[in-house]
Amino acid sequence: GFAGEKANPYVTVKTNQDNEMVTQTIESQLNPVWDEEFCIPVAWNDDILELHVWSNSSSGVNIGEDPSLGYVHIPFRSLLSGQWHKSSAHLKSVKKGTEKESELHFEVFFAARVQQLYDNE
């Protein structure tokens, strides 16, 4: 959960190069499940995938201007390519840089070669 408050969470998914994707917002949910899949092209110098959880508010005009609920950095190049990796991690506070109680469960597939995307179907 998100510290006992009612949140309208959504997640931004991006690489070092700011290739950003956004999930749908889950209204008034402390334990949201998105079950969404994104395919993000990565540059040669990209090495981090950031999953950032935000609480949608009326004051945030643009994506990422809403209150942050925390983020997870995934060093995807250290993963074995060509297969799914199921994991979870505690969200980190943007302000304090410390781990929060809230946990994010996710799956990542890193394809070092395009052919690995087709082999996975």
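Residues numbered from 1 in each chain as written. Predicted model: local features only at pLDDT ≥ 70, side-chain atom pairs only at ≥ 80, totals over all residues. Heavy atoms only, no water.

Brief notes about a nonpolar patch on the surface
Inference 1: Where nonpolar side chains cluster on the molecular surface, the patch consists of Val114, Leu117 and Tyr118 and spans about 310 Å² of accessible area.
Inference 2: Residue placement: leucine 117 occurs in helix 1 (residues 115-119). (Patch = residues over 30% accessible without salt bridge, like charges linked within 9 Å, V, L, I, M, F, W, Y side chains within 5 Å. Areas by Shrake-Rupley, 256 points an atom, 1.4 Å probe, with all protein chains shown as cover. Salt bridge = Lys/Arg side-chain N within 4 Å of Asp/Glu carboxyl O. Helix = DSSP H or I, 4+ residues; strand = E, 2+ residues; numbered from the N terminus.)

As for the packing of aromatic side chains
Inference 1: Per the stated rule, a full pass over the model turns up two aromatic pairs.
Inference 2: With centroids separated by 5.4 Å and ring planes inclined at 50°, the aromatic side chains of tryptophan 84 and phenylalanine 109 adopt a geometry described as tilted. Residue tryptophan 84 is located in strand 5 (residues 84-92), and its partner phenylalanine 109 is located in strand 6 (residues 99-109); the two are separated by 25 residues in the primary sequence.
Inference 3: A relative accessible area of 36% means that tryptophan 84 is categorised as partly exposed. (Phe/Tyr/Trp six-rings, centres within 6.5 Å; stacked < 30°, edge-to-face > 60°. Buried < 20%, exposed > 50% of the residue type's maximum accessible area, 1.4 Å probe, protein only.)

Topic: the pairing of strand 1 (residues 9-15)
Inference 1: Among the seven residues in strand 1, six count as buried, and that is most of the element.
Inference 2: Judged from the seven bridges that link them, strand 1 and strand 3 (residues 49-55) form a sheet pairing that is antiparallel. Paired with proline 9 across the strands is serine 55, a residue of strand 3.
Inference 3: Examined bridge by bridge, strand 1 and strand 2 (residues 20-22) share three bridges and lie antiparallel to one another. Each residue of the ladder has a partner; that of threonine 12, found in strand 2, is valine 22.
Inference 4: With antiparallel pairing between neighbouring strands as the criterion, strand 1 and strand 2 make up a hairpin whose turn holds four residues, including aspartate 18 at a positive phi of roughly 65°. (Pairing = 2+ DSSP bridges.)

Notes on the nonpolar core
Inference 1: Ranked by size, the top nonpolar core spans 18 residues in total, and within it Leu49, Leu51, Val53, Ile74, Leu104 and Phe106 carry the most contacts.
Inference 2: Where this core is concerned, the elements lending two or more residues are strand 1, strand 3, strand 4 (68-74) and strand 6.
Inference 3: Residues in contact with phenylalanine 106, not counting those within four places in the same chain, are Leu51, Val72, Ile74, His85, Lys86, Ser87, Ser88 and Ala89. (Core = buried A, V, L, I, M, F, W, Y, C linked by side-chain atoms within 4.5 Å. Contact = heavy atoms within 4.5 Å.)

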